[in-house]
Amino acid sequence: MKFKPANNIQDLQYFGEFGGVNPSISDSSTYTFLSAKTMFDTFEGNADGCYLYSRHSSPSNLYLGKALAAMEGTETANVTATGMGAITPVIMQLCGAGDHVVSSRTIYGGTYAFLKNFAPRFQVKTTFVNITKLDEVEAAITPKTKLLYCESVSNPLLEVADIAGLSKIAKKHHLQLVVDNTFSPLSVSPAKLGADIVIHSLTKFINGSSDTMGGVVCGTQEFIDALRSVNDGASMLLGASLDSLRAASILKNLRTLHIRMKQHSHNAMYLAERFEKDGLKPVYPGLASHPSHSLFSKMINEEYGYGGMLTIDAGSKEKANELMELMQKENIGYLAVSLGFYKTLFSAPGSSTSSEIPDEEKVAMGLTDGLIRFSIGLDNDIERTYQEMKKCMKQVGVL
Ligand SMILES: *Cc1c(COP(=O)(O)O)cnc(C)c1O
């Protein structure tokens, strides 16, 4: 049977304490007990349905975690204060001193910086590979390797990871396959393709209103319990817990994610097709010209499309900056990092979100200075947007 992630979210029923159609928000950081014995049991994790302290867990966070686990088809999930607050504890939980990570070289700048510059302080080393070359991935594995790390659709180059292929390699070598699915919620279901752990920055498409940060780790009950252990759980002890008020607001936005993703995908496909016809070389996984188009077509839950992210190379940093400033002036979108907003957002990753990556490595992976990353918005009239973007591109000489 086909996996239906949005149905799984919608089928969950949560009621508020007075019969409200939304669950009540647990507006407390600490909880009282009638008996001291129950307090001890709760601390040890042996008193189901009892809460002790909101860094450990709260009803609002559990509701949101349950909905996200239903979306990804994993046993359970742990929500966190940010996407990085989900990613770094997963790596620290799986790796100790002497261990090794094989990671895609095209990943979010913060994740790259963590693996490259921070994890080595704890003797965790990473080999960065071209994730689209499965033989290169397998060749990088050593007896010390504990995990394979990638993004379903990579930031900012929109490379597609063959999750099923990577999963086979991971199983063969007894590794955990960790997939950051931030760019393709609903479209891609990594756990269904064999990923062991699925991560999102909720800050992006899932929340979708650019008003809060959040993250999630979806996985087995055993792994999430380990992350949350009060004795040695990386998530619990590093402390990036989500606040209940924010968990409640993200849950409400999650309920419209399917509608938004369809519109983001529709608009991005529309622009990618037109700009390609105009002679630009947009990178978009929905275009037949994308090197992983046929693979991605087989991976996705097709009703949600190919996603809202596309890139265009303006030729140089100067041209990219001129174009972005003009598009902002014309109210086409905002010159801003992040993604998944109702308004189109654009930035030049070479000098912003991927500036952690050294120049020679940028060249090797094809991350040029003129590259503009677009998170296409929910525009109701995308033909109008196209015409206005085209005018700007002509004006600065990109078209
Ligand atoms: C933004 C982002 C992150 C980090 O998430 P934060 O919520 O900013 O901590 C991780 N991975 C990807 C792909 C992202 O786009």
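Residues numbered from 1 in each chain as written. Predicted model: local features only at pLDDT ≥ 70, side-chain atom pairs only at ≥ 80, totals over all residues. Heavy atoms only, no water.

### Quick notes on the pattern of salt bridges
Basically, it comes down to this: Salt bridges are defined by distance alone: a side-chain nitrogen of Lys or Arg within 4 Å of a carboxyl oxygen of Asp or Glu. The way it works is that DSSP assigns letters per residue, a run of H or I at least four long becomes a helix, a run of E at least two long becomes a strand, and they are numbered from the N terminus. Each residue's exposure class comes from its accessible area (1.4 Å probe, protein chains only) as a fraction of the maximum for that residue type: buried when under 20%, exposed when over 50%, partly exposed otherwise.
Summed over the entire model, instances satisfying the criterion amount to 8 salt bridges. For the salt bridge of Lys4 with Glu303, the shortest nitrogen-to-oxygen distance reads 3.4 Å. Of the two residues, Lys4 is situated in the segment before helix H1 (5–10) and Glu303 in the loop between helix H12 (293–299) and strand E8 (309–313); the sequence distance between them amounts to 299 residues. When its relative accessible area of 39% is taken as the criterion, Glu303 is described as partly exposed. One network of salt bridges, in which partners are shared, links Lys4, Lys262 and Glu303.

### Digging into the site of the ligand
So the rule is basically this: We call a residue near a molecule or strand whenever a single non-hydrogen atom of that residue lies within 4 Å of it. Two N or O atoms count as a polar contact when they lie within 3.5 Å, although within protein this holds only if one can serve as hydrogen donor and the other as acceptor, and sequence-adjacent residues are included solely when both atoms are side-chain atoms. The Shrake-Rupley method, run with a 1.4 Å probe sphere, supplies the accessible areas, and residue values consider only the shown protein chains as cover. Residue polarity is assigned by list, with Asp, Glu, Lys and Arg as charged and Ala, Val, Leu, Ile, Met, Phe, Trp, Tyr, Cys and Pro as nonpolar; anything else, Gly included, falls into the polar class.
The ligand sits among 14 residues. The nearest are Met84, Asp180, Ser201, Thr203 and Lys204. At 2.8 Å from an oxygen atom of the ligand is found a main-chain nitrogen or oxygen belonging to Gly83. With respect to the ligand, the side chain of Asp180 contributes an N or O atom lying 2.6 Å from a nitrogen atom. In the complex, 94% of the free accessible area of the ligand, which totals 380 Å², lies under the protein chains. Its residues assigned to classes, the shell around the ligand shows 5 nonpolar, 6 polar and 3 charged.

### Some thoughts on the domain arrangement of the chain
Selection criterion: An automatic or database domain assignment supplies the start and end points of every domain. What makes two residues a contact is simply this: any of their non-hydrogen atoms within 4.5 Å. Accessible surface is computed with a 1.4 Å probe, and the buried area is the amount of it that two parts give up when combined, taken over both parts together.
Considered domain by domain, the chain is made up of domain 1 (5–254) and domain 2 (257–396). Between domain 1 and domain 2, the contact holds 37 residues from the first and 40 residues from the second. Buried surface at the junction of domain 1 and domain 2, both sides included, amounts to about 3200 Å², of which 65% is carbon and sulfur. A per-residue breakdown of the area domain 1 buries against domain 2 is headed by Leu158, Ser187 and Phe205, which together make up 21% of the total. Where domain 1 touches domain 2, the interface holds 1 salt bridge. For the salt bridge of Lys116 with Glu361, the shortest nitrogen-to-oxygen distance reads 3.1 Å. At the boundary of domain 1 with domain 2, the tally comes to 13 residue pairs in polar contact (both at pLDDT 80 or more). Those elements that place two or more of their residues in the side of domain 1 that touches domain 2 are H1, helix H5 (109–118) and helix H10 (244–254).

### Thoughts on the packing of helix H13 (residues 317–329) against helix H15 (residues 382–396)
The condition is simple: Axes here mean lines fitted to C-alpha atoms, for a helix over just the part in contact, with angles spanning 0 to 180 degrees between N-to-C directions. The scheme is simple: roughly parallel for angles under 35 degrees, roughly antiparallel for over 145, roughly perpendicular for 65 to 115, oblique for anything else. Put simply, a crossing is left-handed when the front helix is turned counterclockwise from the back one by less than a right angle, and right-handed when it is turned clockwise.
Two numbers describe how H13 lies on H15: the axes approach to 10 Å, and their chain directions differ by 140°. As summarised for this structure, H13 and H15 are arranged oblique, according to the angle between their axes. Relative to H15, H13 is oriented so that their crossing is right-handed. Along its contact with H13, which presents Lys319, Glu322, Leu323, Leu326 and Met327, the element H15 presents Met389, Cys392, Met393, Gln395 and Val396. Of the residues that constitute the contact of H13 with H15, the class distribution is 7 nonpolar, 1 polar and 2 charged.

### A look at the nonpolar core
Convention followed: Remark: nonpolar core denotes a set of buried residues (Ala, Val, Leu, Ile, Met, Phe, Trp, Tyr, Cys) joined through side-chain atoms within 4.5 Å.
Grouped together as the largest cluster of nonpolar side chains are 52 residues, with contacts concentrated most on Leu64, Leu68, Leu148, Leu177 and Leu254. With 5 residues, helix H3 (residues 59–72) is the single largest residue contributor to this core. Residue contacts for Leu64: discarding those within four places in its chain leaves Val79, Leu202, Leu242, Ala247, Ile250, Leu251 and Leu254. Among the nonpolar cores identified, the runner-up in size contains 29 residues, and Leu271, Leu310, Phe346 and Ile376 belong to it.

### Section: unusual backbone geometry
Put simply, Asn155 and Pro156 share a cis peptide bond, and its omega is 0°. In this fold, Pro156 is placed in the loop between strand E4 (145–151) and helix H7 (163–172). Phi is positive for His174, close to 55°, though the residue is something other than glycine. Mapped onto the secondary structure, His174 falls in the loop between H7 and strand E5 (176–180). The class of His174 is exposed, set by a relative accessible area of 73%.

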